[in-house]
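Results of the structural survey
Residue-level listing of the chains:
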Amino acid sequence: MYPKSGELPIPLQTARELDTLDILADSGDINETPFNVFIGHNLGHRVFTMSVPFRKFYDISDVANDRESGPVAQRPLDEGHARKLAVYMVKGLVSAAKMRRIALGKDVPDAFEGVLRALGEQPYFSLQPLVCNIRNVPPGGTGAGGIRGIRLETKQDETAGFKVFLSERHILWVIDGQHRRHAAELAMNFLDTVRQTARYPGKGAVLFAEKGKPVADADMQVWTEAYEAARAYATLTVEVHLGLDIDQERQLFHDLNRLGKKVDASLAFQFDGSNPVTHFIKRRLSEDLGLRIIDSEVKDWSQDTGALVLKDVVAINATAFLNKGNVAGATPAIIEPRENAIFELWGQIVQIPGFGDDRAKEKTVAAQPVVLKALAKIAYDLNWNNRRPDNAEALYDQFLVGIPEVDFSHENPMWRYYEMSEGERLDTGLNRLANYLPDDGGTANRDIGAIQGSFFRFGAKHNDIFPILADMIRWKLGLPSRREA
């Protein structure tokens with residue numbers, strides 16, 4: 001049973017003991033900061049759950065990933081991952097400022113929507129709780145050297161929570177969340193720079209596409225209110241463990257990061273409402289074009305319905321829009337101007353004989369994702385590659401018109417080019433294809449696939465294979481080779 005208001009929820013430190021100057025000095029409580037917390041018992045171990053102002057968490061926490069700061073209980077920081085989280089946090093703060101305006105009955109200027117669209121809008125924002133440990137207290141925070149606190153109660157004498165007092169020595173050592181911690185610092189640095197210089201950062205915390213450019217007056221209001229959100233009412237939720245030793249910290253780090261089940265890629269893309277590439281797939285390809293998309297791959301080709309797996313469609317479009325293997329970093333400012341060109345590409349793909357039919361993989365190699373990545377690569381190179389030819393627009397039209405005319409059958413000898421002798425290449429008219437393909441020297445992978453039964457199955461190493469297939473298709477359609485570019 002907890003003590004009454006004015007006493008300690010942690011009974012091994014009495015109020016009388018805390019009255020002495022010796023205990024006060026020894027506890028280091030001269031510069032205490034109060035925090036309202038809930039006390040829980042996670043699998044029997046006492047923890048605090050607290051909400052910390054967004055901008056304050058970095059100051060009261062630390063990360064044990066450097067031997068100079070003490071025993072190591074963390075992995076090294078991944079700056080790139082933290083930067084992506086920082087962009088997410090900035091979006092969340094802008095969204096919070098927008099929601100506050102709505103709650104107060106104020107108009108929402110168009111600049112808020114413009115900034116959110118540039119960052120990449122989505123229907124909801126939240127961060128999972130960070131997990132920390134206060135090291136220099138007894139296990140559970142009780143006893144001599146523990147944490148001072150009082151119970152908060154309602155008028156009906158019910159416990160509403162607790163107020164604990166953390167001093168300078170009570171550092172929150174991050175067990176799970178070091179990238180969120182660093183991302184919060186990047187987000188605050190970005191907002192500070194924008195407000196103080198009226199320019200977007202050109203280096204350091206570069207979290208917005210307009211790097212180095214002046215901030216428009218309308219946008220400055222957005223960033224100012226996002227900064228106020230970080231200071232005043234946006235919070236981070238923290239679960240604080242008390243008095244864990246280093247082995248316990250390391251075990252908890254392992255359990256939190258290794259025991260969770262990773263979300264299936266197709267399900268993640270299906271649920272993700274933030275990325276403009278997935279928006280394009282759902283809105284233009286699925287709804288407008290009628291492309292059939294499923295969540296998991298059908299291994300048995302005889303059971304193939306002709307639908308494409310969502311994670312494959314995402315990867316194909318990542319190549320087409322960004323020349324990348326994933327859609328990380330895609331923003332509406334990049335994707336939306338390119339949508340029509342890639343929609344035309346898919347419009348021609350669905351015209352390939354056998355594509356989208358039942359047992360499509362048995363009817364055409366174009367039903368294999370690596371072939372579609374090859375077509376996507378050509379589309380990117382002819383539209384947005386910095387080394388595209390001067391007549392790239394006309395060449396792209398030539399490419400689109402030619403797609404349904406390419407022989408994408410399993411019997412096309414072009415797919416077996418690397419299995420042939422020089423004489424066989426000459427007999428099948430493929431001898432000039434060598435001018436388009438990479439040199440055979442070195443240790444590069446040239447095993448693109450093989451005939452199995454009556455079907456040509458391309459290999460699993462797509463990043464090695466699809467550029468070669470793109471070269472073959474370029475040659476077949478009379479497009480310039482990559483070497484010319």
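Attention in this report is confined to the structure presented alongside it. What you see is a predicted model, and the numbers here were worked out from it, not measured in a lab.

A word on the overall build of the chain. In terms of helices and strands, the chain carries 17 helices and twelve strands. By residue count, 47% of the 485 residues in the chain fall in the buried class. The long-range share in the chain, meaning contacts at least 24 apart out of those at least 6 apart in sequence, stands at 70%. Carbon and sulfur atoms make up 49% of the accessible area of the chain, which amounts to about 24700 Å² in all.

A separate point is the pairing of strand 1 (residues 33-42). In the sheet, strand 1 pairs with strand 6 (residues 159-166) via five bridges, with the strands oriented antiparallel. Bridge pairing links Pro34 to Phe165 in strand 6. When strand 1 meets strand 2 (residues 45-53), the two strands line up antiparallel, connected through six bridges. Across the sheet, residue Gly40 finds its bridge partner in strand 2, namely Val47.

Left-over empty space is what a probe sized like a water molecule reveals as it rolls over the atoms. Its volume calculated, the largest pocket comes out at about 1900 Å³. Element by element, the count of residues in the lining of the largest pocket is highest for helix 3 (residues 79-103), at seven residues. Its residues placed into classes, the lining of the largest pocket shows 20 nonpolar, 15 polar and twelve charged. In this structure, the second largest pocket encloses a volume near 560 Å³. In terms of lining, the second largest pocket is formed by 24 residues, of which the most central are Gly92, Leu93, Ala96, Phe125 and Ser126. Secondary-structure elements contributing two or more residues to the lining of the second largest pocket are helix 3, helix 4 (110-119) and strand 8 (235-242).

Here is what the cut-offs are and how they apply
Residues numbered from 1 in each chain as written. Predicted model: local features only at pLDDT ≥ 70, side-chain atom pairs only at ≥ 80, totals over all residues. Heavy atoms only, no water. Helix = DSSP H or I, 4+ residues; strand = E, 2+ residues; numbered from the N terminus. Buried < 20%, exposed > 50% of the residue type's maximum accessible area, 1.4 Å probe, protein only. Contact = heavy atoms within 4.5 Å. Areas by Shrake-Rupley, 256 points an atom, 1.4 Å probe, with all protein chains shown as cover. Pairing = 2+ DSSP bridges. 1 Å grid on protein atoms, 1.4 Å probe; cavity = no way out; pocket = protein on both sides within 12 Å on 5 of 7 lines; lining within 4 Å. Points joined across faces, edges and corners; volume = space filled by probe spheres on them. Nonpolar A, V, L, I, M, F, W, Y, C, P; charged D, E, K, R; others polar.

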